[in-house]
Amino acid sequence: MIVKITYSEIHEFARENTKKGLYSSLLLGINNQTETTLHDMPHMVNSSRDEIVHACMYSLLQNSELARIFRERGLEPGYVRGILENIVDEMFKGDFSEEHTVRIARMTFDLIRIGIPPRMLIMLMFILSLEIVRHTYPNSNQVKAIIQACGWMLSNMMESYFTIDEEVFANSLGITSGSYDRLLKLTAEKIYRNIDKELA
């Protein structure tokens, strides 16, 4: 099955994700100072970039599922390194704008395309953030900005995963986003009640 996405749909996706990104920014307390702090940090990150990326790759490849995905896809270390470096660049050079949102979405769709599941993406982002903090010795304001950027990027990445889920349901089963949300809530309610009974 071929899914065709039009130019207008891409921009609509960007607009919707930008709205959600603005909401995430408010929740995370992101402001002009956050952006300034992050933009002042690349020299710190670049001086330890190799160590950060190497340590992150080592940690990720300890996970057997990720190691299997990379092996089965025939992904070279250089490709994985490129992904990590792109994430680092977006974290410290982005401006939380619509264009920034589209770049994060593109990066996420690439990760989905090679088979990276959402739970691994969450782990990847936190490991990368930890390694950045460990190798750059940031002050408290810089640590705060790193956490804010990580949270914002992760929020946008998850929205991209949800978009794919909705597209799959819509194209294969004809289920609208509203129906998808209702099914999600009903399924969560069912699982919640089953767990509740087990814990009672």
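Now for a look at the structure at hand. The residue count restarts for each chain, going from 1 along the sequence in the order it is written. Note on the predicted model: pLDDT of at least 70 is required for a residue's local features to be given, and 80 or more for side-chain atom pairs to be given and counted; whole-chain, interface and lining totals, by contrast, use all residues. As a convention, hydrogens and water are excluded, and side-chain values are obtained from all of the structure's heavy atoms.

1. A few points about the packing of helix H6 (residues 77-93) against helix H8 (residues 118-136)
For step 1, the next point in the chain: Where helices are involved, their axes are fitted lines through C-alpha atoms of the stretch in contact, as for all axes, and angles between N-to-C directions lie from 0 to 180°. Strands here mean DSSP runs of E at least two residues long; helices mean DSSP runs of H or I at least four residues long; both are numbered from the N terminus. Contact geometry for H6 and H8: axes closest at 11 Å, N-to-C directions at 70°. Between H6 and H8, the angle is such that the two are roughly perpendicular. For the crossing formed where H6 meets H8, the hand is right-handed. Between H6, through Leu84, Ile87, Val88, Met91 and Phe92, and H8, the contact on the second element is made entirely by Leu124, Met125, Leu128, Ser129 and Ile132.
For step 2, the next point in the chain: Taken together, the residues that form the contact of H6 with H8 break down as nine nonpolar, one polar and no charged. Orientation is classified from the angle alone, with under 35 degrees giving roughly parallel, over 145 giving roughly antiparallel, 65 to 115 giving roughly perpendicular, and any other angle giving oblique. Crossings are assigned a handedness: left-handed for a near helix turned anticlockwise from the far helix by less than a right angle, right-handed for a clockwise turn. Every residue pair with non-hydrogen atoms within 4.5 Å of one another is taken to be in contact. Each residue gets one of three labels, nonpolar for Ala, Val, Leu, Ile, Met, Phe, Trp, Tyr, Cys and Pro, charged for Asp, Glu, Lys and Arg, and polar for the others, Gly among them.

2. So, empty space enclosed by the protein
For step 1, the next point in the chain: Within this scheme a cavity is a closed region of a 1 Å grid, computed over the protein atoms alone, that accommodates a 1.4 Å probe without allowing it to escape, whereas a pocket is open but has protein on both sides within 12 Å along at least five of seven lines; lining residues each have an atom within 4 Å of a point. Grid points are joined across faces, edges and corners, and a volume is the space filled by probe spheres set on the points. As enumerated under the stated definition, the model contains two cavities of 30 Å³ or more in all.
For step 2, the next point in the chain: When its volume is computed, the largest cavity comes out at roughly 80 Å³.
For step 3, the next point in the chain: Along the walls of the largest cavity sit Leu60, Leu66, Phe70, Val80, Ile83, Leu84, Leu111, Ile116, Met120 and Leu124, which together make up its complete lining.
For step 4, the next point in the chain: Contributing elements (two or more residues each) for the lining of the largest cavity: helix H5 (64-73), H6 and H8.
For step 5, the next point in the chain: Ranked by residue count, the leading element in the lining of the largest cavity is H6, at three residues.
For step 6, the next point in the chain: The calculated volume of the second largest cavity comes to roughly 40 Å³.
For step 7, the next point in the chain: Around the second largest cavity, the lining residues are Pro42, Val45, Asn46, Arg49, Val88, Asp89, Phe92 and Lys93.

3. Focus: the environment of isoleucine 69
For step 1, the next point in the chain: Within the element layout of this structure, isoleucine 69 appears in helix H5.
For step 2, the next point in the chain: When the C-alpha atoms of isoleucine 69 and isoleucine 114 are compared, they prove to be 7.8 Å apart, with 45 residues separating the residues in sequence.
For step 3, the next point in the chain: Apart from residues no more than four positions distant in its own chain, isoleucine 69 is found in contact with Ile114, Gly115, Ile116 and Pro117.

4. A look at the packing of helix H4 (residues 49-60) against H8
For step 1, the next point in the chain: Where H4 meets H8, the closest approach of the two axes is 9 Å, and the angle between their N-to-C directions is 140°. With respect to H8, the element H4 is oriented oblique. Between H4 and H8 lies a crossing of right-handed hand. Residues Glu51, Ile52, Ala55, Cys56, Ser59 and Leu60 of H4 form the contact with H8, whose participating residues are Met123, Leu124, Ile127, Leu128, Glu131, Ile132, Arg134, His135 and Thr136.
For step 2, the next point in the chain: Taken together, the residues that form the contact of H4 with H8 break down as nine nonpolar, three polar and three charged.

5. Let's talk about the side chain of arginine 49
For step 1, the next point in the chain: In this fold, arginine 49 is placed in helix H4.
For step 2, the next point in the chain: In this structure arginine 49 comes out as buried when scored by relative accessible area, which is 16%.
For step 3, the next point in the chain: Those residues within four positions of arginine 49 in sequence are excluded, and the remaining contacts are Glu85, Val88 and Asp89. For every residue, the accessible area obtained with a 1.4 Å probe (protein chains only) is divided by the maximum for its type, and the residue is called buried under 20%, exposed over 50%, and partly exposed between those limits.

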